[in-house]
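# Architecture and fold: a report
Residues per chain, in single letters:
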Amino acid sequence: MWFGVIGVFAFSFIFLWFSYFQGADGVIHWEKIQEQKVLESTIHTFNVGPFELSVPAENYVIIEYFNGSALSINEWSSLIFVAVLVFSSVVLLTVITTLERFWYFAGMGLFILFVVSLRLEVVAIFAQRNQIPAMGIMSVFVILSYYFNAIRPSVSFRNRFLLFALITVVTGVIIYFSAGVRYPMLHLSVTGYTAAMVLSVIFILMVAHEIPAAFVYISSQGNSKSLRHFSIISTIYIVNVIITCLHELGTIHWNFVYLNIYLLLSVSAVLGLWGFKLRESIYSNIFSFAPYGAFFFAALATICFVTIGQLLGTSNDPALKIIRDVIIFSHVGYGVIFLTYIFSNFILMMAQNIPVYKVLYKPNRMPHFTFRLAGLIMTLGFVFYSNWKEYVYHSIAGFYNNIGDLYERMDLPSVREAYYEQGKNYGFGNNHANYELGIIKTEKLDMEGARRNYELANGSRPTVYSLVNEGNTFIWEVNFFDAIKTYEKGIHKEPGSGELRNNLGSAFARLHNLDSAVYYLNQARTHDNSKSTAETNFFAMLALEHLPVKADSVLKIFDKTSDATKANALALATIQSSKLTVPFDVHSHTRLDLYSATLLNNYIIQHVKEEDTAFVNKAYHIAADSLNADYAEALKSSLAFSYYHLGNVTKALNIMAELAYISQSHQGKFNYLMGLWALEQHNPELASSYFNYAVDSDYKEGKLYKAIALSEAQQIDEAIVAWDTVSHRKNEQEQAMAASMLSILKMNLKEASSLADQQKYQFCRYRLKVNDTLAFNTIVNTFQQNDYKAQALLDMAQRQFDWDNMPAAIRYFNKIGGLKLTNKRLYEDVQHMELLMLARRKELKALVQQLGKDVTFDSNRRLEKIYFTALQNEASGDTTMASKNYEIVGKYNPYFEDAVIAAADYFRDHSSDKMKAYTILVDAIQVNTSSARLLRAYAGEALRLGFNEYALSALQRADALYMKAK
């Protein structure tokens, strides 16, 4: 029996210290709030005539800061409290049944008062909201206790306890299953608060002198100088206790190591078991120490420990304020009076080195009762000095906190808020209630009201959560200056908080105060909980401020396991146009969160020109998964770039078209990108239609690019209107471009002949059509600079090539041969033009020879290389590789007409599917609607299959396009 009771005592002791070290973390946790910023980078550039166009892609950076969560009731703490309170009460009841008549009746009166204080009517047993169930339960216990005390006193203590325990368990089961309220045990944890607090205070007062009493025993172990030793250690103890007491009263605020108040109680309680045995002579007329006194003491200690543990576990600071003050006041009051008691009664014995501890509670001058009464009076003196009414109000506030928590668990927000308001009104500086009210008002967007509650919460007993949240109310109002002041004030109160330092560093970064931001973020890195968040914010600051810091160098010393940190590092590297190697396994990120989605997006953009088809397809599968719907739009947009640079223009355009169709807020962006791609694929008519949508959304340079597209399409009248619109924009550079283009579009051939080479080139490109060869020949001979002349000749050769006029294309192309070029990109364009001409004419030997020279294929020309490889595979008889490569070039880019037609020709002869060539051409003309060559090729294939009407329609469309070009 004793081992069981002392086991529960040890459990409650551990429970107290577990709750202490857990602190507010038992009911509050950190929420990381993320804010995403878009950083645009140029994914690649291309030239359209005299214009260099940039294709933008979006990287995302994550800014992260801490915010305290709403309070959540610690159910386990409350259930443990109820269970241990009831267990200890049964032990005390069992002890009461062993007492003599007077003490028995007094004890049973207190037990009945205890049961009444539980207010069992609130749980509505069998729907009875009155005292009848409580009276019935009390009757059973009272009758049985009287039976044991008066009729059958021979029943053993163990059997009495077991029978009481059995009745208690049965009562608990009845309450649990017949209660008319939800969570009946949590209701009992609320109603048990009052009795538990009273018993805890009684126990604290009972053991307040045990540490100085232990000093008597320690000092008596030597052979000499007992009085001196006792005086020294007692003085040190009392001085430290008084200093701690003054600190708790708010009188002093020294940089001093104060005594831990709960440690004082714990040591006193453990020593008190020995001390209670020593003073057996004082209470021996009631019961003996062994066994009943020991059970009595252990049960009271258990109630005290479990009560404090529950208050710590629920962060009920007003109630803890009472406990803390009673502990320190009683240790000062009883400690000082106990020293008076010792010196009054035993100073001569200690001077003679007699072991005083053996007669410690057998005084010869100052009675023990006088010591107890004087100690109580001195303790009450501290209470009255501190305004005793505050303790009454704090106890009520603690009770209302418990009720508010209960209704939080019952999901009754309006009732919960009302009780927290009551708790705030009764307990000044009630952190628990004010913190929760701050959360509630923040959810209602009442930042001013939330801030008032947080200020009250932080006045007397702040937690790091309430300090952080007060500053966050300014962040959400975009008031960074006041947020910084609040965070700095919070760091003064909680100097060990990495969360405060992270939020402060982030606030400084938002104000572009980079030195302070780096200082505090670096400090936040030294704390485990805020390390990865601070590193994430550091990279975000570098990227947003475009600071010239190498991402790879910084990442080496940072945490490489954080997706957010790696994502921001990739964004920084991308905007700096540098490479960063970050390990990334796409197969391990099937279900995305904000971190992994941002990492995946930034990884795609960083390696957009290097990714293989397998990676891109897997990433697209992840993005298209319904589980990742929140991130699908951004990821698909980035993956469209990957498909584009793989040469799969069809897939890229399909993705963008889908996004443009379903997106409400980014239609302009997606059409803008498709317009750029259409321009790069030499389809200005389609590009201008895309840019129309961008103009409607007023997205970026949509108006400028629409004017360029119309000029490229040689739609002169529409282009003049578009350039006139551009000329009225505020951008001076765009105004100059518009003025130049308007003059080009409006001048005649004679005026053009006297222009500078740059303007002559623009005139040739935008005013002369494919059959204006006479005018072109006149102007081209007047060029002074080789690069402009070569570019004009290349443009004309390309036009003739596109319209299948090979003799004219070769003639103009050959004129470039004698020109010395300085523009590297122009030189590469000439090289690739020659390869395409050789490929169309099936001059494979010459093609192979040219490929053996210093010809480079970047990601934008990847499909060309596959096309040339397919031609070589076909010529060498390698049908396996030829089929594989033609499969790619036949589907990937309908604007690459030569490759599509070559694929259709190949599969016509090498595929068992007679419709394959037809299907390739059908798919191509549905996307590339303005290609006369594709239409004619389709018409030929349709005729071979007997689709005469389709063939005729295609030929008519092709003829219309030829006429329009001329």
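Conventions we followed
Residues numbered from 1 in each chain as written. Predicted model: local features only at pLDDT ≥ 70, side-chain atom pairs only at ≥ 80, totals over all residues. Heavy atoms only, no water. Helix = DSSP H or I, 4+ residues; strand = E, 2+ residues; numbered from the N terminus. Rg over C-alpha atoms; globule rule 2.2 N^0.38 Å. Buried < 20%, exposed > 50% of the residue type's maximum accessible area, 1.4 Å probe, protein only. Contact = heavy atoms within 4.5 Å. Areas by Shrake-Rupley, 256 points an atom, 1.4 Å probe, with all protein chains shown as cover. Phe/Tyr/Trp six-rings, centres within 6.5 Å; stacked < 30°, edge-to-face > 60°. Lys NZ or Arg CZ within 6 Å of the ring centre and 35° of its normal. Salt bridge = Lys/Arg side-chain N within 4 Å of Asp/Glu carboxyl O. Pairing = 2+ DSSP bridges. Axes fitted to C-alpha atoms, helices over the stretch in contact; angles between N-to-C directions. Left-handed = near helix turned anticlockwise from the far one by under 90°. Nonpolar A, V, L, I, M, F, W, Y, C, P; charged D, E, K, R; others polar. Parallel < 35°, antiparallel > 145°, perpendicular 65-115°, else oblique. Disulfide = S-S within 2.5 Å.

The secondary structure content of the chain amounts to 47 helices and two strands. For a compact globule of 966 residues, the expected C-alpha radius of gyration is about 30 Å, and the chain comes in at 44 Å, more than 25% above that figure. Expressed as lengths along the three principal axes of its C-alpha atoms, the size of the chain is roughly 135 × 55 × 50 Å. A burial count over the chain gives 54% of its 966 residues as buried. A sequence separation of at least 24 residues applies to 67% of the contacts in the chain between residues at least 6 apart. Accessible area of the chain: about 42,500 Å², with a carbon and sulfur share of 57%.

Take the packing of aromatic side chains next. Enumeration according to the criterion identifies 73 aromatic pairs in this entry. Measuring from centroid to centroid gives 5.4 Å for phenylalanine 13 and phenylalanine 305, while their planes differ by 75°, and the two rings are edge-to-face. Taken as a pair, phenylalanine 13 in helix α1 (residues 2-22) and phenylalanine 305 in helix α12 (residues 289-313) lie far apart in primary sequence, 292 residues in all. Using a relative accessible area of 25% as the deciding quantity, one classes phenylalanine 13 as partly exposed. Overall, phenylalanine 305 belongs to the buried group, its relative accessible area being 0%. A centroid spacing of 4.7 Å and a plane angle of 25° characterise the contact between tyrosine 886 and tyrosine 906, whose relative ring orientation is stacked. Of this pair, tyrosine 886 sits in helix α43 (residues 879-892) while tyrosine 906 sits in helix α44 (residues 897-910), and the two are 20 residues apart along the sequence. A residue is classified by how much of its surface remains accessible, and tyrosine 906, at 1% relative accessible area, is buried. Grouping aromatic residues by their ring pairs yields a cluster made of Tyr193, Tyr393, Phe399, Tyr400, Tyr407, Tyr419 and Tyr426. The side chain of arginine 279 reaches across the aromatic face of tyrosine 361, ending 5.9 Å from its centre.

With that settled, the discussion passes to the pattern of salt bridges. One pass over the structure, following the stated rule, counts 38 salt bridges. A salt bridge links lysine 531 to glutamate 535; its shortest N-O distance comes to 2.9 Å. Taken together, the positions of lysine 531 and glutamate 535, both in helix α23 (residues 528-544) and four residues apart, correspond to about one turn of that helix. With a relative accessible area of 0%, glutamate 535 lands in the buried category. One salt bridge in this structure joins lysine 566 and aspartate 563, with 3.8 Å as the shortest N-O distance. With lysine 566 and aspartate 563 both in helix α25 (residues 563-575), this residue pair falls three residues apart, about one helical turn.

Before going further, it helps to examine the pairing of strand β1 (residues 30-48). Here β1 pairs with strand β2 (residues 51-68) via 18 bridges, running antiparallel. Each residue of the ladder has a partner; that of glutamine 34, found in β2, is glutamate 64. Taking the residues between adjacent antiparallel strands as the criterion, β1 and β2 are bridged by two residues, where glycine 49 takes a positive phi near 60°.

Take the packing of helix α13 (residues 317-351) against helix α14 (residues 368-385) next. The description of two packed helices rests on the angle between their axes and on the distance between the axes. Running from amino to carboxyl end, α13 crosses α14 at an angle of 145°, the nearest separation of the two axes being 8 Å. Two packed elements cross with a definite hand, and for α13 against α14 that hand is right-handed. Taken together, the residues of α14 that come into contact with α13 (itself represented by Phe329, Ser330, Val332, Gly333, Tyr334, Val336, Ile337, Phe338 and Tyr341) are His368, Phe371, Arg372, Ala374, Gly375, Leu376, Met378, Thr379, Phe382 and Val383. Tallied by class, residues from the contact of α13 with α14 come to 13 nonpolar, five polar and one charged.

Running from N to C, helix α40 (residues 824-840) and helix α41 (residues 844-851) point in directions that differ by 155°, and their axes come no closer than 8 Å. On the basis of their axis angle, the class for α40 and α41 is roughly antiparallel. Crossing geometry of α40 relative to α41 is assigned as left-handed. Packed against α40, whose contacting residues are Glu834, Leu835, Leu838 and Ala839, the element α41 presents Ala846, Leu847, Gln850 and Leu851 at the interface. Split into classes, the residues belonging to the contact of α40 with α41 amount to six nonpolar, one polar and one charged.

Quick look at the state of the cysteines now. Summed over the entire model, instances satisfying the criterion amount to zero disulfides. Unpaired in terms of disulfides, cysteine 304 finds its nearest cysteine sulfur in cysteine 245, a separation of 18 Å.

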